[in-house]
Amino acid sequence: MNRKKILKIVAILAVAGLLIGGGIGAYMFFMPHRDIQKSPTDFALTSSELVAEYLNDMEQANQKYLSADGESKILEITGTVAGITEDYNGQQVVLLKEPGQVAGVSCTFMQETNSNATALNIGQSVTIKGVIRSGVFYDPDLEMHLNAVLEKSDVVF
Amino acid sequence: MKTTKILLTAFITIVFSMTAFSQAGDRLVSSKSHIKFFSTTPAEDIEANNYSSTSTINTSNGNVVFSVPMQGFEFPKALMQRHFNNSDFLDTKQFPNARFVGKIVNLDQVDFSANGTYNAQVEGEMTIKGVTKPIRERGTITVRGNSIEINSKFNLTLADYGIEFVKGKPASNIAKTVEVTFVGEYQKQ
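Only a predicted model underlies this, so the values are computations on that prediction, with no experimental measurement involved.

**Description of the overall build of chain A**
Along its length, chain A carries four helices and eight strands. When the elements of chain A are put in sequence order from the N terminus, they spell out α-β-α-α-β-β-β-α-β-β-β-β. At 23 Å, chain A has a C-alpha radius of gyration far larger than the 15 Å of a compact globule built from 157 residues. On the principal axes, the C-alpha backbone points of chain A span a range of 85 × 35 × 25 Å. The 157 residues of chain A split such that 30% are buried. Contacts in chain A between residues at least 24 apart in sequence constitute 62% of all its contacts with a sequence separation of at least 6.

**Quick notes on the interface of chain B and chain A**
Taken together, the contact between chain B and chain A spans 29 residues of the former and 28 residues of the latter. Those elements that place two or more of their residues in the side of chain B that touches chain A are strand 2 (32-40), strand 4 (54-58), strand 5 (63-69), helix 2 (78-85) and strand 6 (97-104) of chain B. Taken together, the residues of the side of chain B that touches chain A sort by class into 10 nonpolar, 15 polar and four charged.

**So, the domain arrangement of chain A**
Domains assigned within chain A are domain 1 (1-31) and domain 2 (43-155). The C-alpha-based centres of domain 1 of chain A and domain 2 of chain A are spaced at 48 Å.

Cut-offs and rules
Residues numbered from 1 in each chain as written. Chains lettered and ligands numbered in written order. Predicted model: local features only at pLDDT ≥ 70, side-chain atom pairs only at ≥ 80, totals over all residues. Helix = DSSP H or I, 4+ residues; strand = E, 2+ residues; numbered from the N terminus. Rg over C-alpha atoms; globule rule 2.2 N^0.38 Å. Buried ≥ 20, exposed ≤ 12 C-beta atoms within 10 Å, placed from the backbone. Contact = placed C-beta atoms within 7 Å. Nonpolar A, V, L, I, M, F, W, Y, C, P; charged D, E, K, R; others polar. Domains from an automatic or database assignment.

Structural data, given as structure tokens:
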């Protein structure tokens, strides 16, 4: 009787363990991508401020904005629209760059947010939210400054 | 005397800026590109896409450069993307950009001024995760009016760049050699 009870408890624990383990495994496997637009903004600043921070000290800026697991900081960047193009994935790319600056912030939109990018005009001031993928730096081989890259972007209204 | 000096300075400045301008004119910049990683093992196929690299091609000396923001690689599964970025794999916080610096070695067989598709051989150096290795690639250059498109497909051995898995799921599910596809579009000025 007593032994049966123990066996029963052990069996229940084993099944529960399997379910929890399997659940965690399945959760990890099917874990969805972070929804950038629904996630809170980490930093809000102007495109000139971000460019200046990177040009001043790239190492320090990378420490501040990039995360080791690739889920880097979510930024709201305010700046002037200097260009609107389309990438190979059919996504709109809005460049925020102030006149006379060596670099700006390139913001890649998504299929769902593309229409908000195409509605923008060159020269307009706008705030765009997205996740930072890389910062601004001078590339001696490209012989130019690279723009910071924001992805999963949308206009902040 | 003074006027001659000023005129001379102005003349030299103009000549210099003209040469600088003509050199810049041969160098085309593209931020429209697509880089794809493809790994296949009996366990699974893994694909990642990046649309945000910047590259230049110099049509007069054949120099080709591209810089790839590594965190811009997107995977179908969020966990794969995390693994890709972390310090055991590509350590993208420490090494946010990969780069290729090379040259088209058969430039005499490519005519950037005439429409057509040309076979190109590129030799150069690839830097991934801070490790630089020589690389030879084959590709095609397609000239269509004002646009130039470069296509290339080549293999990368991960261990060459210090990316090695000895145990666990990544060791069995990620191929030792991955296929990389590159497409970039440049506009003639």
